[in-house]
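So the chains spell out like this:
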Amino acid sequence: MSVHVGLDVGSRTTAMGWRDKGRAAGSWDIAQTPKGRKAAVKKLIALKPLSVVMEATGIYYLDLALELSTAGLPVSVINPKSSRNFARLMLQHSKTDAIDAQLLAEYGERMTPRLWTPPSPAQLELRAIGRHINRLTCHCTRAKNELHALQATETTSAMLIEDEEEAIAMFGRRIERFRRAGRDIIASCPILQEQFDHMVAAPGMGEVSTFAVLAELTTLPVTLKSPQISRYAGLDVRLTQSGTSIDKPGRLSKGGNAYLRSAMFMPAMSAIRCDPYVKAFYDVLVGRGKRKMQAICAVMRKYLTGLWACIRAGEDFDTAKLFSEKHLLKA
């Protein structure tokens, strides 16, 4: 058997397509219900596929991926950008669920993607809480901005201002409630607590920032290298240089985890102010002609890879190991 399966995940149904010996061999629809997922497992076990490829589509893929992985099936979860670029490569202009499923099956056949490692229940719960705190914080910031706008004019009624202040207080209580829940999860898991302690030792990494970063990093396979972590966060540099006609400055790809990028910004800013090694690295980049935001993003990228190294090595964060002393001499 040389069967490769593609799953195009939707909120209500998932289109399944499979290939055998290099050709499309069949299709099927999976209901996004417990019963539907169990039927999919039975069907896939009968097919004995070499690969089962799906996209990381929001949260809808997760239950199905966990069910298939538990059944021992070779599940690969890929970035949607990978499948989109693969479709362009194959000159596929039409887009339907059935076509996308077949393309994912062909992706698995040609590209041999890495198998997906399912996170533990504690890791999944921590990530979900971390992302919910991020959303609540954004809502709270929006409410504060609205309150500032209301207070800018004397024509605003006291009732409106009072209502906005109540909303801000409510968001604060909800955020603190989930932070306590996250701290309880970390305290109940020795591995997560150890990782947290190593990361919070970094200058600029407070409890809130460490929680947000750990919530995203903990679900990743520990075999990933530093460049892969940078790409996962979208902090890698995208170059556009070709011949003599195209020579654009490098820019962040921003093709990865927005939660992780958001969580790294304030720690990088704090570290630039309070740590001599980080400040020297930043000053050298600015001295070379880099814009301030480019230098900040470089610190974010380097800091993130250092935090990942702490998790892998089981050591406290140390800027002296991460940043070169030659930057101190030049600063």
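Values in this document were obtained by computation on a predicted structure and should not be read as measured data. (Residues numbered from 1 in each chain as written. Predicted model: local features only at pLDDT ≥ 70, side-chain atom pairs only at ≥ 80, totals over all residues. Heavy atoms only, no water.)

Colleague: Could you give me a rundown of the overall build of the chain, with the residues and numbers involved?
Modeller: Within the chain one finds 14 helices and seven strands. Summarising its shape, the C-alpha atoms of the chain cover approximately 65 × 60 × 50 Å along the three principal directions. The proportion of buried residues among the 331 residues of the chain is 42%. When contacts within the chain are restricted to residue pairs at least 6 apart in sequence, long-range pairs at least 24 apart make up 61% of them. In the chain, which carries 46 positive and 32 negative side-chain charges, the distance between the mean positions of the two groups comes to 8 Å. (Helix = DSSP H or I, 4+ residues; strand = E, 2+ residues; numbered from the N terminus. Buried < 20%, exposed > 50% of the residue type's maximum accessible area, 1.4 Å probe, protein only. Contact = heavy atoms within 4.5 Å. Lys, Arg positive; Asp, Glu negative; His and termini not counted. Charge placed at Lys NZ, Arg CZ, Asp CG, Glu CD.)

Colleague: Any chance you could break down the sheet that holds strand β4 (residues 51-55) for me, citing the residues and the numbers?
Modeller: Across the sheet, five strands lie side by side as β3-β2-β1-β4-β5; this open sheet has mixed pairing. Of all strands in the sheet, those with a lone pairing partner are β3 (23-31) and β5 (75-78), marking the two edges. With direction set aside, neighbouring strand axes in the sheet form an average angle of 20°. Here seven bridges tie strand β1 (residues 3-9) to strand β2 (residues 13-20), and the two strands are oriented antiparallel to one another. Bridging from a neighbouring strand, Leu7 pairs with Met16 of β2. The sheet strands contacting helix α1 (residues 34-47) are β1, β2, β3 and β4, and the helix crosses β3 at an angle near 160°. Contacts between helix α4 (residues 97-111) and the sheet are confined to β1, β2, β3, β4 and β5, with β2 contributing the most and set at about 45° to the helix. (Pairing = 2+ DSSP bridges. Axes fitted to C-alpha atoms, helices over the stretch in contact; angles between N-to-C directions.)

Colleague: Go over the environment of Ile272 with me, naming the residues and quoting the values.
Modeller: If you trace the backbone, Ile272 turns up in helix α10 (residues 258-274). In this view, Ile272 contacts Val278, Lys279, Tyr282, Ile296 and Val299; residues no more than four positions away in its chain are not counted.

Colleague: Kindly report on the environment of Ile161, identifying the contributing residues and their values.
Modeller: Looking at the element boundaries, Ile161 is found in helix α6 (residues 158-188). Sequence separation of Ile161 and Leu285 is 124 residues, and the distance between their C-alpha atoms is 45 Å. Ignoring sequence-local partners within four residues, the contact set of Ile161 consists of Leu147, Leu150, Gln151 and Thr156.

Colleague: Lay out the packing of aromatic side chains in plain terms, naming residues and giving numbers.
Modeller: Scanning the model with the defined rule gives four aromatic pairs in all. With centroids separated by 5.3 Å and ring planes inclined at 80°, the aromatic side chains of Phe86 and Tyr107 adopt a geometry described as edge-to-face. Highlighted residues: Phe86 in helix α3 (residues 80-89) and Tyr107 in helix α4, separated in sequence by 21 residues. Judged by its relative accessible area of 5%, Phe86 is buried. With a centroid separation of 4.8 Å and an interplanar angle of 50°, the aromatic rings of Tyr303 and Phe317 are classed as tilted. (Phe/Tyr/Trp six-rings, centres within 6.5 Å; stacked < 30°, edge-to-face > 60°.)

Colleague: Describe in detail the packing of helix α9 (residues 226-233) against helix α12 (residues 292-313), supporting the description with residues and values.
Modeller: Following both chains from N to C, one finds α9 and α12 inclined at 125°, their axes separated by 9 Å at the closest point. In terms of orientation, α9 lies oblique with respect to α12. Considering only the axes of α9 and α12, their crossing is right-handed. Contacts from Ser226, Ile229, Ser230 and Ala233 in α9 reach Arg301, Leu304, Thr305 and Trp308 in α12. Of the residues assigned to the contact of α9 with α12, the class counts are four nonpolar, three polar and one charged. (Parallel < 35°, antiparallel > 145°, perpendicular 65-115°, else oblique. Left-handed = near helix turned anticlockwise from the far one by under 90°. Nonpolar A, V, L, I, M, F, W, Y, C, P; charged D, E, K, R; others polar.)

Colleague: Can you lay out the pairing of β3 for me, pointing to particular residues and giving the numbers?
Modeller: Pairing between β2 and β3: eight bridges, direction antiparallel. Bridging across to β3, Gly17 finds its partner in Ser27. The turn joining β2 and β3, which pair antiparallel and follow one another in sequence, is formed by two residues; a positive phi near 55° is taken by Lys21.

Colleague: How would you explain unusual backbone geometry if you had to name every residue and give the values?
Modeller: With a phi close to 60°, Leu91 is a non-glycine residue in the positive phi region. Relative to the assigned elements, Leu91 resides in the loop between α3 and α4. For Leu91, a relative accessible area of 64% translates into the label exposed. Despite not being glycine, Thr112 shows a phi value in the positive range, around 45°. Residue position: Thr112 is located in the loop between α4 and α5 (121-151). Residue class for Thr112 comes out exposed when judged on its relative accessible area of 63%.

Colleague: Tell me what's going on with α9, and back it up with residues and numbers.
Modeller: For α9, the set of buried residues is Ile229, Ser230 and Ala233. Seen along its axis, α9 keeps its buried residues to an arc of 100°; they face one direction. Those residues of α9 that are buried lie in contact with α8 (207-217), α10 and α12. In the stretch just after α9, Gly234 is the one whose phi turns positive, near 75°. (Arc of directions from axis to C-beta.)

Colleague: Describe the UniProt feature "domain: Transposase IS110-like N-terminal" (unreviewed entry) in the chain, naming the residues involved and giving the relevant values.
Modeller: On the UniProt side, "domain: Transposase IS110-like N-terminal" (unreviewed entry) is annotated at positions that read residues 5-150 here. Annotated as 53% helix and 21% strand, the span residues 5-150 places its first and last C-alpha atoms 55 Å apart. (UniProt positions renumbered as here; feature names shortened; annotations may be inferred.)

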